[in-house]
Amino acid sequence: FMTQTRFSVSEDDSLAPNDSAVFSPILLGQYRPDFLRTEVLADLFEETASTFPDQIAIQFEDYSLSYQALNQQADLAASALIRAGAEAGQIIGLWMPRGIELLVMQLAITKTGAAWLPFDADTPSERVLLCLQDAHAIGLISASILMNSLDMPDSEHDIQVWSAVDLLQATELPLLARGQVKSSDPAYVIYTSGSTGKPKGITISQRSICHFLRSENSVLEIRSNDRVYQGFSIAFDMSFEEIWISYLVGASLWIAKKELALDPDALPIALAQHQITVLHAVPTLLTLFERDIPTLRLINLGGEACPDALVARWKNPSRRLFNTYGPTEATVSASIAELQKI
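The written sequence of each chain sets the order in which its residues are numbered from 1. Only residues with pLDDT of at least 70 are given local features in this predicted model, and only at 80 or more are side-chain atom pairs given and counted; all residues enter the totals for whole chains, interfaces and linings. Only heavy atoms go into the side-chain values, all of them from the structure, while hydrogens and water stay out.

**Student:** Could you clarify how one ought to interpret the confidence of the model for the chain in this entry?
**Tutor:** Any residue range with low pLDDT should be treated as having predicted coordinates unsuitable for detailed reading. Per-residue confidence from the predictor is given as pLDDT, running between 0 and 100. On average, residues of the chain score 88 in pLDDT, and 88% of them are at 70 or above. Contacts are assigned to residue pairs with any non-hydrogen atoms lying within 4.5 Å of each other. The model gives residues 1–26 a pLDDT under 50, and that stretch makes 63 contacts with residues more than four places away or in other chains.

**Student:** Would you explain the nonpolar core in this entry?
**Tutor:** In globular proteins that are soluble, nonpolar side chains generally tend to be buried together. Nonpolar cores are built from buried Ala, Val, Leu, Ile, Met, Phe, Trp, Tyr and Cys residues. Side-chain atoms within 4.5 Å join them into one set. Residue burial is assigned from relative accessible area. The probe radius is 1.4 Å, only protein chains are included, and a residue is buried under 20% of its type maximum, exposed over 50%, and partly exposed in between. Of all hydrophobic cores here, the largest spans 65 residues; its most connected members are Met 105, Ile 141, Ile 209, Trp 244 and Tyr 247. In this structure, Ile 209 is in contact with Leu 41, Ala 187, Tyr 188, Ile 204, Phe 240, Thr 331 and Val 332, ignoring residues within four places of it in sequence. Within the second largest apolar cluster, 23 residues are counted, among which are Leu 260, Ala 270, Leu 296 and Ile 299.

**Student:** Before we go on, may I ask you to explain the pattern of salt bridges in this structure?
**Tutor:** Two side chains with opposite charge may pair up if their charged atoms get near one another. Here, a salt bridge means any side-chain nitrogen of Lys or Arg that lies within 4 Å of a carboxyl oxygen of Asp or Glu. The tally for this structure, following the rule as stated, stands at 11 salt bridges. Taking the shortest distance from any N to any O, the salt bridge between Lys 111 and Asp 75 comes out at 2.8 Å. Residue Lys 111 is found in helix 3 (residues 100–112), and its partner Asp 75 is found in helix 2 (residues 67–83); the two are separated by 36 residues along the sequence. By relative accessible area, which is 3% here, Lys 111 ends up buried. For helices the rule is a DSSP run of H or I covering at least 4 residues; for strands it is a run of E covering at least 2, with both sets numbered from the N terminus onward.

**Student:** Would you take a moment to explain the side chain of Ser 239 for this structure?
**Tutor:** With respect to the helices and strands, Ser 239 occurs in helix 8 (residues 239–249). Assessed through its relative accessible area of 2%, Ser 239 is described here as buried. Ignoring any residue separated from it by four or fewer positions in sequence, one finds Ser 239 in contact with Gln 230, Phe 232, Ser 233, Ile 234 and Trp 244.

**Student:** Sorry, what's going on with unusual backbone geometry here?
**Tutor:** Glycine aside, the phi torsion of most residues is negative, and most peptide linkages are trans. A positive phi angle, near 55°, is found at His 136, a position not held by glycine. Mapped onto the elements, His 136 comes out in the loop between helix 4 (125–134) and strand 6 (139–142). A positive phi angle, near 60°, is found at Glu 221, a position not held by glycine. Looking at the element boundaries, Glu 221 is found in the loop between helix 7 (206–220) and strand 10 (227–230).

**Student:** Looking at this model, I keep getting lost on helix 2. Mind explaining?
**Tutor:** The periodicity of an α-helix, 3.6 residues per turn, causes residues three or four positions apart to be oriented the same way. Take the number of residues in a helix, subtract one, and multiply by 1.5 Å to get its expected span. Counted at 1.5 Å a residue, the expected span for helix 2 with its 17 residues is 24 Å, and the 24 Å between its end C-alpha atoms agrees. All buried positions along helix 2 are accounted for by Tyr 67, Leu 70, Asn 71, Ala 74, Leu 76, Ala 77, Ala 78, Ser 79, Ala 80, Leu 81 and Ile 82. Count one or two residues on from helix 2 and you reach Gly 85, which has phi positive near 110°.

**Student:** What should I look at first to understand the packing of aromatic side chains in this one?
**Tutor:** Geometrically, a pair of aromatic rings is defined through the distance of the ring centres and the angle of the planes. Aromatic rings from Phe, Tyr and Trp, taking only the six-membered ring of Trp, are treated as a pair when their centres fall within 6.5 Å; an angle between ring planes under 30 degrees marks them as stacked, one over 60 as edge-to-face, and anything in between as tilted. Counted by the stated rule, this structure contains 11 aromatic pairs. The interplanar angle of 35° and the centroid separation of 5.8 Å between the aromatic rings of Phe 45 and Tyr 67 together place this pair among those described as tilted. One end of the pair, Phe 45, is in helix 1 (residues 41–51); the other, Tyr 67, is in helix 2, and 22 residues separate them in sequence. Tyr 67 carries the same exposure label as Phe 45, and that label is buried. Three or more aromatic residues link up through ring pairs in this structure, and these residues are Phe 45, Tyr 67, Trp 116, Tyr 188, Phe 240, Trp 244 and Tyr 247.

**Student:** Hey, could you run me through the pairing of strand 11 (residues 252–255) in this one?
**Tutor:** Within a regular strand, side chains alternate between the sheet's two faces. The alternating pattern of strand 11 places Ser 252 and Trp 254 on one face and Leu 253 and Ile 255 on the opposite face, and all of these are buried. The pairing criterion for strands is at least two bridges between them, as found by DSSP. Where strand 2 (residues 56–60) lies against strand 11, 3 bridges are found, and the strand directions are parallel. Residue Phe 60 lies in a different strand from strand 11, and its bridge partner there is Ile 255. One ladder, built from 4 bridges, connects strand 10 with strand 11; its direction is parallel. Bridge assignment links Arg 227 to a residue of strand 11, and that residue is Ser 252. With the strands aimed away from the viewer, a crossover counts as right-handed if its path from the first strand over the helix to the second runs clockwise. Since strand 10 and strand 11 lie parallel, the crossover through helix 8 that links them has a hand, and here it is right-handed.

**Student:** Where do I start with the environment of Ala 137 in this structure?
**Tutor:** Mapped onto the elements, Ala 137 comes out in the loop between helix 4 and strand 6. For Ala 137, a relative accessible area of 0% puts it in the buried group. Spatially, the C-alpha atom of Ala 137 lies 9.3 Å from that of Ala 115, the residues being 22 residues apart in sequence.

**Student:** What am I meant to see in the environment of Trp 244 here?
**Tutor:** Within the secondary structure, Trp 244 is located in helix 8. Separated by 35 residues in the primary sequence, Trp 244 and Ile 209 place their C-alpha atoms 9.4 Å from one another. Aside from chain neighbours lying at most four places away, what touches Trp 244 is Leu 41, Leu 44, Phe 45, Gln 106, Leu 107, Thr 110, Trp 116, Leu 213 and Ser 239.

See the structure below:
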């Protein structure tokens, strides 16, 4: 990371501050070997679920799950996937509408040791199939409303299709535990359009994403008593800042309905009503809000340059404002800076 409060995230955890032949030390952040742990995403979540079992993990409309309940539901679905052959090193597609069930299935995949390959709910089925085949995915978790449009062709590479509802039904069977998962194993794959328009898969390791979560939050300082808005698609890696930093510390996620998330007039009212304290967003979204959100103590912007006028409008003595940026290949973000009025 390049940052005013500097720290680093790298796929190669052997880099030290004196590796000037590779990177200029001026551009590297603080060297923090304590962030380089032999952990995987499932370990990270399960530690939090053990520490904050009764804390609300996710809320969508009138339905919520505590960390303990979310862990139990994900264990149930993960066990069904393991029984079907899911394990570390494999890739499983995830194509579902936004909501609690989507996050349960995302967590279930990582609890098997496999990596997830996410798609927006409105992704054309043809692109879903193209990416699944290109990634050699072993299967796809979806919802019936989407599965009906999926025409899975016969091929040498058999792709299983699971309904999220069915994965949660096998309550009478014993739970199966995941096998060994290494920090070098893939955690997720995101397909970008690429410079040519052809989908290009980016694979990120367990080591890199866990390192990122700890290192970025050493600057953001999101806490267990925060309420975090979850608005990004899981096919966009800024969603890690919302979902998985919250899982890291035991914060609560509030998920807006798609219609509300797309309404710049109604959304800030809802954020205030639900006492949201942390907002991750692109600057463009913030420019569309015509009212302040008094409950916000932290805004983390990314994906675009942040205009000075936006900083002047939203920064105040009780609210911190950050801007992050980086390509998917760099594990979500490569730089972070706290913004101040000028």
